[in-house]
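Analysis of the macromolecular model
Each chain is listed here by its residues.
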Amino acid sequence: MNEYQSEQWDALLLARQLLTRMSAEEGDRLKKQILPYLEFRGRVEQFLDAHFGAHCTRSCYTNRRSACCSKDGIIVFWADVVINLLCADEDQVADMQQALRKPFYESKCTYLGAQGCRWRVRPLVCAMFLCDPVRETVFQAEDGVEAQWKTLQQRAQDFRWPDKPVLFDYLETYFMELGGRSSLMHINGSPGLLRIKRQAGLCAPKPHQKP
Ligand code: SF4
């Protein structure tokens, strides 16, 4: 495992451990809490299927180029890991662990398998990525699609950007209070994001230390 895979592995195991220790009621409460986010992600998928599905299939999937799934290039947040675990079954988690130990493609994202991405709910940064060529093609050809995309991008920030209370920060601070520390807790570990949080008057816990 390289450094990127080890970091992902540690986060996956820690999140799993903390979720397993949780009472069923608390797990259900978290699942309810992420429902608005899952509803948003459903809208993003519908939008992408409607406007980009054919282009992406033609230019990337059929020739297995998958240009957007680059090796060790995806910034995964702690909340991505937790949300995915809350939605995934045991087989899917085992599949992700296998992908970290032994990736299907050596030169692509470790999570990319023969059937595509192995996440149940892939990271937000992946869901919101559109490559320049396909974006230009679609935005020029279809009126109103760019405006719809901008609205979805803005909505994504409502879950992740800590200039107000957001789900991604909540899931970090919640697990930090349970004693969890991960380098994927970027909102409470990155100086830039911590500054945004402080400027918004949100009480920030101390930056995380190495577990
Ligand atoms: S996590 Fe999934 S969608 Fe994101 S880059 Fe990796 S394989 Fe692609």
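The structure contained in this document is the topic of the report that follows.

Focus: the site of the ligand
By nearness alone, every residue bordering the ligand is listed as Cys69, Ile74, Cys109, Tyr111, Leu112, Cys117, Trp119, Arg122, Pro123 and Cys126. Here the shell around the ligand is composed, by residue class, of nine nonpolar, no polar and one charged.

Some points on the side chain of His51
Summarising the element assignment, His51 is placed in helix α3 (residues 35-51). The exposure class of His51 is buried, given its relative accessible area of 16%. Polar side-chain contacts of His51 include one of 2.8 Å to the side chain of Glu142. Setting aside its immediate chain neighbours within four residues, His51 contacts Val138, Glu142, Val145 and Gln148.

So, the packing of aromatic side chains
The geometry of an aromatic ring pair is captured by the separation of the ring centres together with the interplanar angle, meaning the angle of the planes. One pass over the structure, following the stated rule, counts 13 aromatic pairs. Taking 5.5 Å as the distance between ring centres and 15° as the angle between the ring planes, the aromatic pair formed by Phe47 and Trp149 counts as stacked. Placement of the pair is Phe47 in helix α3 and Trp149 in helix α9 (residues 145-160), with a sequence separation of 102 residues. By the burial criterion, Phe47 is buried, and Trp149 matches it. Here the aromatic residues Tyr37, Phe40, Phe77, Phe159 and Phe168 are joined through ring pairs into a cluster of three or more. The aromatic ring of Phe77 is capped on one face by Arg160, whose charged end is 6.0 Å from the ring centroid.

Analysis parameters
Residues numbered from 1 in each chain as written. Predicted model: local features only at pLDDT ≥ 70, side-chain atom pairs only at ≥ 80, totals over all residues. Heavy atoms only, no water. Near = heavy atom within 4 Å. Nonpolar A, V, L, I, M, F, W, Y, C, P; charged D, E, K, R; others polar. Helix = DSSP H or I, 4+ residues; strand = E, 2+ residues; numbered from the N terminus. Buried < 20%, exposed > 50% of the residue type's maximum accessible area, 1.4 Å probe, protein only. Polar contact = N/O pair within 3.5 Å; in protein donor to acceptor, adjacent residues only side chain to side chain. Contact = heavy atoms within 4.5 Å. Phe/Tyr/Trp six-rings, centres within 6.5 Å; stacked < 30°, edge-to-face > 60°. Lys NZ or Arg CZ within 6 Å of the ring centre and 35° of its normal.

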